[in-house]
Amino acid sequence: MTAKINRELIQKFYGELDERSKETLDAAAERVAAAKKRGGKVAVVTGSGPNLHEGVTTLIAELIEKGVVDGVTTSSAVVSHEMGGALDRVKMCGAAQLGLDEKFMPRGNVFEFTDMTDEELDELSKEMILDRELLAKRHDAEGHFVIKAAANMAYPMGLRTEKLAEEIHSLCRQSGLPFEAVAGWGCDRRTMLGAGAEKGVPVLVTIPQLVGGGHVGMAVGDSIPVAERSRRISAMLGSSDVIIESAVALTQEIHDGPFETYTGHGIWSWWQGQPVYSLRGKTLIRFDLDENLRRAQDLQRSSAMIQEAIDKGLPKTKISKIPFRMEMSAFARHEGSLPVIGDIGMIWPAFALKIADALGIGLDFMSYKQETDDGKAMREWIVKNVRPLDRGRMLAKFREWQEARG
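Keep in mind the model is a prediction, meaning the values are calculated, not measured.

## Comments concerning helix α2 (residues 19-37)
Helix length check: α2 (19 residues) gives 27 Å between terminal C-alpha atoms against 27 Å at 1.5 Å per residue, within 8%. Residues of α2 that are buried include every one of Ser21, Lys22, Thr24, Leu25, Ala28, Ala29, Val32, Ala33, Ala35 and Lys36, and no others. Residue Asp18 occupies the N-cap position of α2, its side-chain oxygen lying 3.0 Å from the main-chain nitrogen of Arg20. Once α2 ends, the next one or two residues include Gly39, with phi positive near 85°.

Here it is, written out as structure tokens:
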């Protein structure tokens, strides 16, 4: 999306944040810029849905390309969607008019068709058998079009992704490579997987985020052992000076991992002589909508309440009087944590632009809050330009990798 960045809109996003979030966003951008200037590394920990719909995953891919982001963790659902091109336009139809058994349909008895040209379908038919009779019904069926996360529920691209997962899993079993690495060889460079594969930047699904994405999730989980996955993620996080968490839950892999010693359980790995890493001295940035995250940090910094509860073996929820999510504990206690509370559709553009300006980098893509006119145009651009996984290119890269190994 090589276009002029709408600085006025991004400044408006920034202005709508509360004062404390402005302060922490400024500090977060300064920490990232400072780390990159001294040759340090930055990792991003992403969740699913909002990161795709707000264009954040595409922006992170741009930041990988420009050398700002050096590692990514994500969910198997995001892997599935990036294999389909991040966002799709689909036609949602009532299943009854298509003659499909409604007891197997999703809630609402809806069946989806990927919006594809006849030429695109002909190309896909070289790869898989298509139900032409069903596809012919899509034109006359009553329904409506929406843009949504790509390649999961719509025919035929959702089925194609499931089938590709089985094929990629086979290649992983042959090579010992993670699913994400093999899939990345065929993914568009404007996805995190594709950009990571091209730039040699690791993109890995965390263990708590393995569930999701249908057969993709199972194939990701089975591609390498859990212990190896944890070790690879530990290496990524251990080498990073700054870790950014973006609209993600279940971050125990970061704050409570088996190889992390400062906030997690890594003491026993260290005890037994295994390699470990520490979050001590690192910066943890978290973009989140939940004000309780900041309240938990305030409680800890004003009275050390969270740490005292842990030291006494007491439940943190009862002590703090707030709904306590697992990822709040270590984050609230970490001296280098910066919570930015707000909509990631507003936070990320402001954050990325501040970093780019500080580093003198020009960005060729910018995300915007999806409800704005710029956000709607951005989503249309992603649908049109970020293409699904290229199976032929993936297989060619796999052959090259095998030949290079001898």
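## Brief notes about helix α20 (residues 373-385)
A rise of 1.5 Å per residue sets the reference length of α20, with its 13 residues, at 18 Å; its end C-alpha atoms lie 18 Å apart and thus fit the reference within 8%. Looking only at α20, the buried set comprises Gly375, Met378, Arg379, Trp381, Ile382 and Val383. Residues of α20 that are buried in the fold lie against α3 (49-53), α4 (56-65), β3 (87-94) and β5 (143-149).

## Quick word on the side chain of Ser21
Take Ser21: it is sitting in helix α2. The buried category is assigned to Ser21, whose relative accessible area is 0%. Among the polar contacts made by the side chain of Ser21, one reaches the main-chain carbonyl oxygen of Ile341 at a distance of 3.0 Å. If we skip the residues at most four places from it in the chain, Ser21 touches Arg294, Val340 and Ile341.

## Topic: the layout of surface pockets
Here the largest pocket is characterised by a volume of approximately 610 Å³. Along the walls of the largest pocket sit 27 residues, with Met116, Glu120, Met157, Arg387 and Pro388 positioned nearest its centre. Of all the secondary structure elements, the ones that give two or more residues to the lining of the largest pocket are β3, α6 (118-124), α8 (157-175), α20 and α21 (391-405). A per-class count over the lining of the largest pocket returns eight nonpolar, five polar and 14 charged. Approximately 360 Å³ is the volume attributed to the second largest pocket. Taken together, 21 residues form the lining of the second largest pocket, with Ala181, Gly200, Val201, Pro202 and Val203 sitting closest to its centre. Contributions of two or more residues to the lining of the second largest pocket are made by α9 (179-186), α10 (192-199), β7 (203-205) and α12 (226-238). Examining the composition of the lining of the second largest pocket, we find that four residues originate from one element, α9, more than from any other. Class assignment of the residues belonging to the lining of the second largest pocket gives a composition of 11 nonpolar, six polar and four charged.

## With respect to the state of the cysteines
One pass over the full model with this rule turns up zero disulfides. Cysteine Cys172 shares no disulfide, and the gap to the nearest cysteine sulfur, in Cys187, comes to 12 Å. For Cys187, a relative accessible area of 2% translates into the label buried.

## Observations regarding the packing of aromatic side chains
The full count for this structure, using the stated rule, is nine aromatic pairs. Arranged with centres 5.2 Å apart and planes meeting at 75°, the rings of Phe111 and Phe113 form a pair that is edge-to-face. Accessibility classification places Phe111 together with Phe113 in one group, the buried group. For the ring pair Phe287 and Trp348, a centre distance of 5.4 Å and an interplane angle of 90° mean the geometry is edge-to-face. Placement of Phe287 in strand β9 (residues 283-288) and of Trp348 in helix α19 (residues 344-359) is noted, with a sequence separation of 61 residues between them. Residue classification places Phe287 among the buried residues on the basis of a relative accessible area of 0%. Relative accessible area serves as the criterion here: at 1%, Trp348 is assigned to the buried category. Clustering of aromatic rings is evident, with ring pairs tying together Trp185, Phe398 and Trp401.

## Quick word on the sheet that holds strand β4 (residues 110-114)
As summarised here, the arrangement of the four strands in space is β5-β3-β4-β6, forming an open sheet in which the pairing is mixed. In the strand order of this sheet, the two ends are held by β5 and β6 (154-155), each with one partner. As paired elements, β4 and β6 share two bridges and run parallel to each other. Its bridge partner lying in β6, Glu112 is registered against Ala154.

## Some points on the pairing of β3
As paired elements, β3 and β5 share seven bridges and run antiparallel to each other. Note on β5: the bridge partner recorded for Met92 is His144. The pairing of β3 with β4 spans five bridges and is antiparallel. Looking at the pairing, Met92 lines up with Glu112 of β4.

## Brief notes about unusual backbone geometry
Across the junction of Tyr155 and Pro156, the peptide omega takes the value 5°, indicating a cis bond. At Ala247, a residue that is not glycine, the phi angle is positive and equals roughly 45°. Take Ala247: it is sitting in the loop between β8 (242-246) and α13 (252-255).

What counts and what doesn't
Residues numbered from 1 in each chain as written. Predicted model: local features only at pLDDT ≥ 70, side-chain atom pairs only at ≥ 80, totals over all residues. Heavy atoms only, no water. Helix = DSSP H or I, 4+ residues; strand = E, 2+ residues; numbered from the N terminus. Expected span 1.5 Å × (residues − 1). Buried < 20%, exposed > 50% of the residue type's maximum accessible area, 1.4 Å probe, protein only. Polar contact = N/O pair within 3.5 Å; in protein donor to acceptor, adjacent residues only side chain to side chain. Contact = heavy atoms within 4.5 Å. 1 Å grid on protein atoms, 1.4 Å probe; cavity = no way out; pocket = protein on both sides within 12 Å on 5 of 7 lines; lining within 4 Å. Points joined across faces, edges and corners; volume = space filled by probe spheres on them. Nonpolar A, V, L, I, M, F, W, Y, C, P; charged D, E, K, R; others polar. Disulfide = S-S within 2.5 Å. Phe/Tyr/Trp six-rings, centres within 6.5 Å; stacked < 30°, edge-to-face > 60°. Pairing = 2+ DSSP bridges.

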